[in-house]
Amino acid sequence: MSNSTDGPRSAAVPLPLRAALLAVVVEAAALVGLAGAFLLDVLRGLVLNVGTTVAMAVFFLGLALVLVAAGRALWRGRRWGRGPVITWQLLQAVTAIAMTGVLPAYMVVLLVLTSAGVIAGVLWPSSREYASVTGSPSVIA
């Protein structure tokens, strides 16, 4: 059941994990887009606190990078990617719920359902079995 080698996976990526990773890539792209919008607002002079806005842009870019790396790890069958992906989904869902009344209701529902779907896809039995390789959490390997 658990594979502790560092070699490449020969089995196909399970469909629930594929769907979850597609959503993670979309989320990472949205974070990059938001960071770009922040930086564009800084260049246009539309922000009051440049330092905070640039810091948020850098944070979102870093978070997107972590999500892509974790998703790549899961795609390659390495289980260390579960932690960052599931942590982000929980933070995203809780933040969306906290923003009820500020965000449109459909956006809150979409974010919470997406988070639940990604968590289910990553923790699906076939996904857990596939992504069970242990070892160094190297982004390169």
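Residues numbered from 1 in each chain as written. Predicted model: local features only at pLDDT ≥ 70, side-chain atom pairs only at ≥ 80, totals over all residues. Heavy atoms only, no water.

Participant: Got a minute to help me understand the overall build of the protein chain in this structure?
Facilitator: Each helix and strand in the protein chain was counted, giving 5 helices and 0 strands. Ordering the α and β elements of the protein chain from the N terminus gives α-α-α-α-α. Burial analysis of the protein chain (141 residues in total) assigns 32% to the buried set. The contacts in the protein chain between residues at least 6 apart in sequence include a share of 72% that link residues at least 24 apart. Working note: accessible area of the protein chain is about 8,300 Å², and carbon and sulfur atoms make up 74% of it. (Helix = DSSP H or I, 4+ residues; strand = E, 2+ residues; numbered from the N terminus. Buried < 20%, exposed > 50% of the residue type's maximum accessible area, 1.4 Å probe, protein only. Contact = heavy atoms within 4.5 Å. Areas by Shrake-Rupley, 256 points an atom, 1.4 Å probe, with all protein chains shown as cover.)

Participant: Sorry, what's going on with the packing of aromatic side chains here?
Facilitator: The geometry of an aromatic ring pair is captured by two quantities: the separation of the ring centres and the angle between the planes. What the rule picks out here adds up to 2 aromatic pairs. Ring plane angle 25° and centroid distance 5.8 Å describe the contact between F38 and F60, whose orientation is recorded as stacked. You can see F38 sitting in helix α1 (residues 15-44) and its partner F60 sitting in helix α2 (residues 50-75), a full 22 residues away along the chain. Judged by centre distance (5.8 Å) and plane angle (50°), the rings of F59 and F60 are tilted. The buried category is assigned to F60, whose relative accessible area is 13%. A network of ring pairs unites the aromatic residues F38, F59 and F60 as a single cluster. (Phe/Tyr/Trp six-rings, centres within 6.5 Å; stacked < 30°, edge-to-face > 60°.)

Participant: In this structure, what is going on with the UniProt feature "transmembrane region" (unreviewed entry) in the protein chain? I would like to understand it.
Facilitator: Following the UniProt record, the feature "transmembrane region" (unreviewed entry) maps to residues 20-40, 46-68 and 105-124 here. Secondary structure content for residues 46-68 is 83% helix and 0% strand, and the end C-alpha separation is 30 Å. The distance from the first to the last C-alpha atom of residues 105-124 is 28 Å, and the span holds 95% helix and 0% strand. (UniProt positions renumbered as here; feature names shortened; annotations may be inferred.)

Participant: What should I look at first to understand the nonpolar core in this one?
Facilitator: If you look at soluble globular proteins, the nonpolar side chains tend to sit buried side by side. L17, L31, L67, L74, V85, V118 and V122 are the most contacted members of the largest nonpolar core, which totals 24 residues. At 8 residues, the largest contribution of residues to this core is made by α1. Setting aside chain neighbours within four positions, we find L74 in contact with L17, L21, G81, R82, V85, V122, Y130 and A131. (Core = buried A, V, L, I, M, F, W, Y, C linked by side-chain atoms within 4.5 Å.)

Participant: In this structure, what is going on with a nonpolar patch on the surface? I would like to understand it.
Facilitator: Taken together, the side chains of V32, L39, V50, V54, V58 and L61 make up a nonpolar region of the molecular surface, amounting to roughly 430 Å² of accessible area. Sort the elements by how many residues they give to the nonpolar patch and α2 lands first, with 4 residues. With respect to the helices, strands and loops of the structure, L61 is situated in helix α2. L61 gets classed as partly exposed once you look at its relative accessible area, which sits at 38%. (Patch = residues over 30% accessible without salt bridge, like charges linked within 9 Å, V, L, I, M, F, W, Y side chains within 5 Å. Salt bridge = Lys/Arg side-chain N within 4 Å of Asp/Glu carboxyl O.)

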